[in-house]
Amino acid sequence: MNPTCPPIVVALLSAFAAAQDDAPDPVLVVRLFDGEVRIAECWQQESLAAAPRDAAIEHVTVVPMTGGPALADQTVTVARGLIRAIEPAATAVVGEHVVRIDGRGRFLVPGLVDMHVHRLASMSTDLLLLLNGVTSVRDMDGFPWMLRQRRAITDGRLLAPTPYIAGHILNYFPMGIYATVVRTPQAAREAVRAQAKAGYDFIKIHNAMPVPIFDAVCDEARAQHLDVVGHVPHEVSVAHAIESGMRTLEHLKGYVLDSTLQISEEDWLTPTGKAEVWNAPTLYSAVRSDVRGEAAIELLATPELQFVPVLLREQWRVLAGKPVIGPHRGLAARMGQVFEQLLAIHARLLVGTDSGGGYAFMVPGFATLTEMELMEQHGMPALDVLAAATREPAVALRRERDFGTIAAGMRADLVLLGRDPAVATANLRTIEGVMVRGIWLARTDLDRIAASLTSIAAASPTWPAAPAEQQAMVRRHVDALEQLAKAGFVLPTHAVTGYADALDKLGLGDAAGRARATVAIDAR
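Residues numbered from 1 in each chain as written. Predicted model: local features only at pLDDT ≥ 70, side-chain atom pairs only at ≥ 80, totals over all residues. Heavy atoms only, no water.

K.L.:
Help me out: how do you make sense of the environment of V232 in this one?
P.N.:
Looking at where V232 falls in the secondary structure, it is placed in the loop between β12 (227-230) and α7 (238-243). Taking the C-alpha atoms as reference, V232 lies 21 Å from G330; in sequence the two are 98 residues apart. Not counting residues within four places of it along the chain, the set of residues in contact with V232 comprises S237, V238, A241, L249, K253 and G254. (Helix = DSSP H or I, 4+ residues; strand = E, 2+ residues; numbered from the N terminus. Contact = heavy atoms within 4.5 Å.)

Dropping the structure here:
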């Protein structure tokens, strides 16, 4: 997932263990899960209160991202979750019982898209994305519970960005719970067919995949009308990946060789420049993987890190004192060089972050805005960066008729800004409100959600010494899980089973069984 290939970790399962096979501390898992339960309850309450409303954003400057100029003093009307019209404010007619939103002195842009996330480490991820104007995401490692969650989101039962979900990662070598192992072309074809039948949106491949298996994946995906996305495997050239029809390439894999983390000597500019292929560089993840020392300590004090549980921040503080060693040093700079060369040939680029998978110093949503700022710092004009987070993702996903621009008939995914994003990407941080599928979240709503999440993150629940108090704490968790499941809230299977495993190790098997029962429907 991450371009520096750190251990694949999920907070609730491993509490950021130093190696993938390290046994997680069961007490830490339970303490972290206390916050996850509270987040889930907050998320459910916010979802119950959220509903699409007919609305009019009046006297606003519209940045439509359709290729035309910004439109001053417009009124954008929304009905039934779709944009109905964009009209001059002077002549627009706004009906009764419509939510009227003052857009004077403000700028309206399409909702942002993060094209590389993993909604695994915490249930706060979707809310954090919305806080930062992200209204659609591409989740790059799919699980069955995510398909159920997608239905809850699109049916209006869960407040979250609209997700587009990869099938379970395909790889030649095991990756724990994170990948399906395919060792033959026939196994690869069967895995692709199974994922197509399950309803995933595309096929994701990882680093290790011999050419015959890679070719089988691409061929079967075409037969199933699914795009192939992901890493360019070690044995596959960028040219061959593009010729085989890969739709998007992640982390600049292949351009930067995984074996050495040095820039490939292959002529990758020629095939990239001629092809309908997109790169999601994820510069953010490379930069954050390298942060150490005083820079890391300063980062821990920033507002965005206050959304991370204090228990994890303490571990990240320890990590800040450890050096980055070997070829990982300087990787961010090498990726920046490749990015600039791709930019020079007008390659198609996407905003993606690799956030949400449990990597240190990464915070979803805030990551998206930082990635956009990094792209601008490497020479990409601000308006082109905005396109890489709006129009281009929609085209890459073959959903350009659904979202990505502000036009009549498009999904009502919108972000209201206090400053002009065409002047500087940093102006995307001046969010006055977010609309997702016609659900309006005013600044007061966003502030309320933010306050709840930071309050939960600041808590540091202790593990009681007395067995009776331990049982009472766990009972509260499991009671809450059962109530959430009964209400139709989709619980992430991996998180709950990781929590149940911790309870087993602590001698609380009865509670572990009850916890597992809340996600039994999602069992693989």
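Okay, back to it.
K.L.:
How should I be thinking about the nonpolar core in this particular structure?
P.N.:
General note: in soluble globular proteins, nonpolar side chains tend to be found buried as a group. Among the nonpolar cores identified, the biggest contains 144 residues, and L170, V217, Y255, F361, M372 and M375 are the most heavily contacted of them. Looking at this core, the element that brings in the most residues is helix α2 (residues 26-49), giving 9 residues. Apart from residues no more than four positions distant in its own chain, L170 is found in contact with T180, V182, A191, V192, Q195, I203, K204, I205, H206, M209 and V217. Counting 17 residues, the second-largest nonpolar core is a separate cluster that includes V60, V62, I406 and M435. (Core = buried A, V, L, I, M, F, W, Y, C linked by side-chain atoms within 4.5 Å. Buried < 20%, exposed > 50% of the residue type's maximum accessible area, 1.4 Å probe, protein only.)

K.L.:
How should I be thinking about the pattern of salt bridges in this particular structure?
P.N.:
Pairing between side chains of opposite charge can happen when their charged atoms approach one another. Taken as a whole and judged by the stated rule, the model has 27 salt bridges. A salt bridge links R150 to D201, with the nearest nitrogen and oxygen atoms 3.1 Å apart. Here D201 lies in the loop between α5 (185-198) and β11 (202-205) and R150 lies in helix α4 (residues 144-154), a separation of 51 residues in the sequence. For R150, a relative accessible area of 17% corresponds to the buried category. (Salt bridge = Lys/Arg side-chain N within 4 Å of Asp/Glu carboxyl O.)

K.L.:
Can you help me understand unusual backbone geometry in this one?
P.N.:
Residues other than glycine predominantly adopt negative phi, and peptide bonds predominantly adopt the trans conformation. Even without being a glycine, D354 presents a positive backbone phi close to 65°. Mapped onto the elements of the fold, D354 is located in the loop between β15 (348-349) and α13 (366-377). Despite not being glycine, F361 has its phi angle at roughly 65°, a positive value. Of note, F361 is situated in the loop between β15 and α13. Residue classification places F361 among the buried positions, given a relative accessible area of 0%.

K.L.:
Any chance you could explain helix α17 (residues 467-486) here in plain terms?
P.N.:
In an α-helix, one turn spans 3.6 residues; hence positions three or four apart end up facing the same way. Along its 20 residues, α17 runs 28 Å from first to last C-alpha, staying within 8% of the 28 Å computed at 1.5 Å per residue. Residues of α17 that are buried: Q470, M473, V474, H477, V478, A480, L481 and L484. Buried residues of α17 fall within an arc of 150° about the axis and therefore sit on the same side. Facing away from the buried surface of α17 by more than 90 degrees, the exposed residues are A468, R476, Q483 and K486. Downstream of α17 by one or two residues, G488 has phi in the positive range, about 95°. (Expected span 1.5 Å × (residues − 1). Arc of directions from axis to C-beta.)

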